[in-house]
Amino acid sequence: MAQWTRHAVWWQVYPLGFVGAPAEGDPLSTVVEHRLRRIERWLDYAVELGASGLALGPVFASHTHGYDTVDHFRIDPRLGDDDDFDALVDAARRRGLRVLLDGVFNHVGRGFPAFAEVLAKGRAASTASWFHLSWGDGPEPDYATFEGHRGLVALNHDEPAVADHVAAVMAHWLDRGADGWRLDAAYAVPPRFWARVLPRVRSAHPDAYVVGEVIHGDYTAIVAESGMDSVTQYELWKAIWSSLNDVNLHELAWALERHNGFLDSFAPLTFVGNHDVTRLASRLHDVRHLPHALAVLMTVGGTPSVYAGDEQAFRGVKEDRVGGDDAVRPPFPDDPGGLAPHGWDTYRLHQRLIGLRRRHPWLHRARTGVLHLTNAHLAFEAAGEGRLVVALNLDDQPATLPVAGVTTLEAGAPEVGTADLRRGVHLPPHGWAVLS
């Protein structure tokens, strides 16, 4: 893994929603809307937040939400063109921000040229081997899809031409200035496919960061067999909000021990929100526990990512229906000045904890150890080249937790008692602290 990832904190943006692009578009349209430039107005905001990188959702030509790609070499005309992309990368680079792209290589949209040829020529199509097809008596073949969605045509990852295409796409945008790739639905792609593709990409871009979206499965084996740098840490995401909601910090402690095991092999991509899940502020039964979730995210090993809007305590519930992602992928104001005033306290909380993270880059591979644990109380240490202690209280009553070996309050509620830390840290009801 490239050394720069040790310092990485991503601010994740879902561009089509962020800029208010139409829900549907013509990926072949010659009419280009230059909406991508609007993201440039938010880059200073991301830097001031403490982010070191901009993680973009899909930006390539598609029919709808960006995950039904039609042309991997073209910016979606609802967003802009190559010049707009280059301008955004240049603006990010001037501010010291890395850029991560979202690559949808498990499946494509029905308008993808190789599949369009199949629909036009049938069995005679030269690209038939790109897909898993079953021919019957109908006008078009049956085909494998992504999770049953007919508009998402699954690729045949044993076809060499598919590997050639994906390697060419990844190299093309790295050549244009991207720093890495998030591989969408990587859990659905055989790891052996990435083991063939990624060495070709890295031959010219050895410092590229590649993280796979893996919701379930054997994280360690997938990383080892695929050659990816990392995968998304959904286990920890679930344990954080679930343990806070259930007042069962044993669940979080168990997940942190699992997390230690992953860190023996790789640094997972950690998060408490993204474009595919209900917003944290909506997920938590008690919003007073939002700082607890963020304190965990910013002190455990891995590469943390903050989903745009979570730093303002945006709300939004994901629903399992057509358009069910809209609430968690809303349009943003033209610039940060248009944000509502009530979210800035949460923004400042993120600033403090991200700043703490950036001052201690060793946290990237830190291991955690439990110091004190009950259903409602948890103290754990994050240790590596340094040491931090995190203390959480979910109870309606104050609590004093043992935190041996610390002398300084790094972050926490103002009323956290630190007069004599040898006796423990005194937390108010629903209080939290990070100490060194």
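Above this note sits the structure.
Residues numbered from 1 in each chain as written. Predicted model: local features only at pLDDT ≥ 70, side-chain atom pairs only at ≥ 80, totals over all residues. Heavy atoms only, no water.

**Observations concerning the overall build of the protein chain**
Operational definition: Segments assigned H or I by DSSP are reported as helices when at least four residues long, segments assigned E as strands when at least two residues long, and all are numbered from the N terminus. Atoms considered for the radius of gyration are the C-alpha atoms alone. The globule rule reads 2.2 Å times the number of residues to the power 0.38. Think of it in three bands: with a 1.4 Å probe and only protein chains considered, a residue is buried below 20% of the maximum accessible area for its type, exposed above 50%, and partly exposed in between.
When you go through the protein chain residue by residue, the secondary structure sums to twelve helices and 22 strands. For 436 residues, the compact-globule estimate of 2.2 N^0.38 gives 22 Å, and the protein chain sits close to it at 23 Å. Dimensions of the protein chain, computed from the C-alpha atoms along their principal axes, are close to 80 × 45 × 40 Å. Burial analysis of the protein chain (436 residues in total) assigns 58% to the buried set.

**Some thoughts on the sheet that holds strand 6 (residues 107-109)**
The following threshold applies: Strands pair, by our definition, only if DSSP identifies at least two bridges between them.
With antiparallel pairing, three strands are arranged side by side in an open sheet as 6-10-9. Among the strands making up the open sheet, the edge pair consists of strand 6 and strand 9 (145-146). The pairing of strand 9 with strand 10 (residues 149-154) spans two bridges and is classified as antiparallel. Paired with F146 across the strands is H149, a residue of strand 10.

**Concerning the side chain of H350**
Mapping H350 onto the fold places it in helix 12 (residues 344-359). By relative accessible area, H350 is classed as buried at 3%.

**A few points about the packing of aromatic side chains**
Filter applied, for reference: When the centres of two rings from Phe, Tyr and Trp lie within 6.5 Å, Trp using its six-membered ring, the rings pair. Their planes under 30 degrees apart give stacked, over 60 give edge-to-face, and anything left gives tilted. Geometrically, a charge over a ring is one whose NZ (Lys) or CZ (Arg) sits within 6 Å of the ring centre while staying within 35 degrees of the ring normal.
Applying the stated criterion to the full structure yields 30 aromatic pairs. Here W11 and F18 contribute two aromatic rings whose centre-to-centre distance is 6.1 Å and whose plane-to-plane angle is 90°, an arrangement assigned as edge-to-face. Comparing W11 with F18 shows no difference in burial state: the two are buried. By way of ring pairs, the aromatic residues W11, F18, W42, Y45, F314, F332, W344 and Y347 are connected into one cluster. The aromatic ring of W241 is capped on one face by R283, whose charged end is 4.2 Å from the ring centroid. Here the basic side chain of R329 rests over the ring of Y14, its NZ or CZ set 4.5 Å away from the ring centre.

**As for unusual backbone geometry**
Positive phi, close to 50°, is recorded for A185, a residue that is not glycine. Tracing the chain through its elements places A185 in the loop between strand 11 (180-183) and helix 6 (191-202). In this structure, V247 takes a positive phi of about 50° despite not being glycine. Within the secondary structure layout, V247 lies in the loop between helix 8 (234-246) and helix 9 (249-263). For V247, a relative accessible area of 32% corresponds to the partly exposed category.

**Some words on the environment of Y347**
Note the following rule: Should any heavy atoms of two residues lie within 4.5 Å, those residues are counted as being in contact. Pairing of N or O atoms within 3.5 Å defines a polar contact, subject to two protein rules: one partner must be a possible hydrogen donor and the other a possible acceptor, and residues neighboring in sequence count only if both atoms are side-chain atoms.
Along the chain, Y347 falls in helix 12. Looking at Y347, the relative accessible area reads 4%, which means it is buried. Counting along the chain gives 38 residues from Y347 to G309, while the straight-line C-alpha distance between them is 9.2 Å. Leaving out residues up to four positions away in the same chain, Y347 has contacts with Y45, E48, L49, E311 and Q312. Here Y45 takes part through its backbone oxygen, which lies 2.8 Å from a polar atom of the side chain of Y347.

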